[in-house]
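# Architecture at a glance
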Amino acid sequence: MGDWFSRILDDFIQNFITESRYTLIIQGFTVTVYVSFLAAALGVIIGTALAFASMSKYKALKLPARGYIDIIRGTPAVTQLLIIYFVVFGSVRWHPAVIGAISFGINSGAYVAEIIRAGILSVDYGQTEAGLSLGMTRAQTMIKIVLPQAVKNIFPALCNEFIVLIKETAIIGYVGIMDLAKAGEFIRSRTFSAFMPLLGTAIIYFIVIKLLTKMFAAFEKKLRKSDIR
Amino acid sequence: MITVKDLHKSFGALHVLRGINENIANGEKVVIIGPSGSGKSTFLRCLNLLETPTSGEIYIDGELINTGSVNVSRVRQKMGMVFQQFNLFAHLTVMENVTLAPTMIKKTEKAAAMEEGKKLLARVGILDKENAYPAQLSGGQKQRVAIARALAMQPEIMLFDEPTSALDPEMVGEVLEVMTSLAADGMTMVVVTHEMGFAREVGSRVLFMDEGLVIEQNAPDELFKNPAHPRTKSFLSKIL
C-alpha cells in the first residue's frame, strides 16, 4: 500500500512539479477558459441572430441562415477550425487563441440557433395570439410574452451546448495552441508517462464542468418558479 | 360599430368564409351558433385581424381595418378577446396578466394599473388569487382572469371564442355569470358558443352559420322557437 502510494506521488511530482510543469497546466487552463467563454459569447450572439433570421418570412434572411446552419452542422468542427485558421485567417496576425475562439463561436452559433428556434416554437401560439389581441405589437409580444417562456426551454439545452463547447475546444491543439488538453499531451511527450498528465487534465475538465452544471441547475430552478402547481 | 361587407377567408384551397355581410350596433350582444367547421371562429378572429381576410371589408367605428395602412395594434386595443384555451400568460401572476397590457401599451402608472386590476379581479370574483400563477388555477378561474385581462384595456367590444368549451361542466356557470353581468353593463359582445341557455338569455340577436355563410338570424326566442331554414332546424334539433 505504502509502496503504491509513493509511486503515485513520484509520478505526480515528476509530471507536475519538476521543471514547474504545473505552469503549463495553468497556462493551458487559462487558454481553455478564455477560448470557451469567448466562443460561447460569440455563439450566443450568432445563434440568436440566426434563430430569428431562420424563422423570418423574408427569404433573403431565411435562406442564408438555413444554409449557414446546414453547412456548419454538416462538416466536422476540426475541419472548420483548420479552414478558418489556415485559410480564412491565414494571413491575419491575430492571437491564435482568438482565431480559435472565433472558429468555435461560428460552429456553436449554428447549434445555438437551433436551440433558440426550438425554444421559441415550444411556446404555444395561443400566447402570441393573446398578446396580439390585447393590442401588443409582434415585437412586444415576442419580448414580453414568448421569450421569457422560451428561456425555460432554451436554458438547459444552452447549458448543455456550453459544456459540449468547453470539451470541443480541446481540438484547438490541431493548430498548435496550448490549451489544457494540449498541455497534458505535451507533458506526456516530455515525461513519457501517460497516466498522470492525461488523467490529471481529464479531472480538471470534469471538475470545471461539474461546478458549472451545479450552477446551471440552481439557476434553472429559479426559472421554473411559475410552473409550481 | 362593426360593419362587415362580403367577407371571404380561404386557407389554401379551403374556402372557410364565403361572403359574410353583417352590421353589429353599439351595445348589441350577438351570439353566433352553428356546427363545427361552419366558420364561426374564423369570422370572429377576422374581426380583430388574428386572421387576415382574403377579401371583403371590415369597418370598426367607420374605419376600414383590413388594409395595409391601418395600425392593427391600435385597432385591436378597442377589442378584447377571450379564447377557448384561456391563453393566460403562463410566466406571469394573475395580477401581472391583468396589468401587463395597460402598463406597456397605454403607459398607465403601475400603481394605477394595479388598483384598476384589483377592481377587475374583484368583479370577476378572483381577487384572492392575484398572486397565483395560471398553473395554480382551475379552468373557470383562468377564464375569469382572461376576461379581466381583456377588460383592463377598456375595450369597446368583447369577442368570445367558445369561452366555456374547454371547461368542466361545473365551471361553465361561473364564467357565464361574469359574461352575463358584462352584458348587463352594456358591453358590445360577439360570442361564439354552444351555450344555448346563454344565447337565449343574454343574446340580442343570434346568427346561425353553416358552411361559411350566415344562413339565418333572428332574436333568440324567435330563432329557437321558429327556425326558418331546414339546416337551422336540423342543427337545433340535434343540440336542444
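Coordinates for the structure precede this section.
Residues numbered from 1 in each chain as written. Chains lettered and ligands numbered in written order. Predicted model: local features only at pLDDT ≥ 70, side-chain atom pairs only at ≥ 80, totals over all residues. Heavy atoms only, no water.

With that settled, the discussion passes to the interface of chain B and chain A. Each partner contributes to the interface: chain B provides 24 residues, whereas chain A provides 22 residues. Contact between chain B and chain A buries roughly 2,000 Å² in total, counting both sides, with carbon and sulfur atoms accounting for 61%. Taken as a group, Phe89, His91 and Met104 of chain B account for 27% of the area that chain B buries against chain A, more than any other trio of residues on that side. At the boundary of chain B with chain A, the tally comes to one salt bridge. Here Arg45 of chain B ties to Glu129 of chain A by a salt bridge, and the two come within 2.5 Å at their closest N and O atoms. For the pair chain B and chain A, the interface holds six residue pairs in polar contact (both at pLDDT 80 or more). The set of elements that each furnish at least two residues to the side of chain B that touches chain A consists of helix H2 (72-77), strand S6 (79-82), helix H3 (94-105) and helix H5 (139-151) of chain B. (Contact = heavy atoms within 4.5 Å. Buried area = accessible area lost by both parts, 1.4 Å probe. Salt bridge = Lys/Arg side-chain N within 4 Å of Asp/Glu carboxyl O. Polar contact = N/O pair within 3.5 Å; in protein donor to acceptor, adjacent residues only side chain to side chain. Helix = DSSP H or I, 4+ residues; strand = E, 2+ residues; numbered from the N terminus.)

Turning to the sheet that holds strand S4 (residues 55-60) of chain B, a few remarks are in order. Residues and elements named next belong to chain B. If you trace the four strands from one edge of the open sheet to the other, you get S2-S1-S4-S5, paired in antiparallel fashion. Pairing within the sheet leaves two strands with one partner each, and these edge strands are strand S2 (14-24) and strand S5 (63-64). Taken together, the eight bridges between strand S1 (residues 2-11) and S2 define a ladder with antiparallel strand orientation. Its bridge partner being in S2, His8 is matched across the sheet by Arg18. (Pairing = 2+ DSSP bridges.)

What follows deals with the environment of Glu195 of chain B. Residue and element names in this part refer to chain B. Locating Glu195 in the fold gives a position in the loop between strand S8 (188-192) and helix H7 (196-202). Judged by relative accessible area, which is 25%, Glu195 ranks as partly exposed. For the pair formed by Glu195 and Val172, sequence separation is 23 residues and the distance between their alpha carbons is 9.2 Å. Discounting chain neighbours no more than four positions away, the residues touching Glu195 are Thr164, Val172 and Leu176. (Buried < 20%, exposed > 50% of the residue type's maximum accessible area, 1.4 Å probe, protein only.)

This part covers the environment of Ser41 of chain B. Residues and elements named next belong to chain B. Structurally, the position occupied by Ser41 is in helix H1 (residues 40-47). Its relative accessible area of 22% is what places Ser41 among the partly exposed residues. When neighbours within four sequence positions are excluded, Ser41 is seen to be in contact with Asp161, Glu162 and Val192. Polar side-chain contacts of Ser41 include one of 2.7 Å to the side chain of Asp161.

Our next topic: the packing of aromatic side chains. Residue and element names in this part refer to chain A. Scanning the model with the defined rule gives eight aromatic pairs over all chains in all. Geometrically, the ring pair formed by Phe37 and Phe162 is edge-to-face, given 5.5 Å between the ring centres and 65° between the ring planes. Residue Phe37 is found in helix H2 (residues 22-54), and its partner Phe162 is found in helix H7 (residues 138-168); the two are separated by 125 residues along the sequence. Classification of Phe37 by relative accessible area gives partly exposed; the value is 49%. Chaining the aromatic ring pairs together yields one cluster made of Phe37, Phe155, Phe162, Phe216 and Phe219. (Phe/Tyr/Trp six-rings, centres within 6.5 Å; stacked < 30°, edge-to-face > 60°.)

All names here are of chain A. With 26 residues, helix H5 (residues 96-121) should cover 38 Å at 1.5 Å per step; its first-to-last C-alpha distance of 38 Å lies within 8% of that length. At Gly109, H5 is bent by approximately 25°, the largest bend along its length. Of all 26 residues in H5, 20 are buried; the element is thus mostly enclosed. (Expected span 1.5 Å × (residues − 1). Bend = angle between axes of the 7 residues up to and from the residue.)

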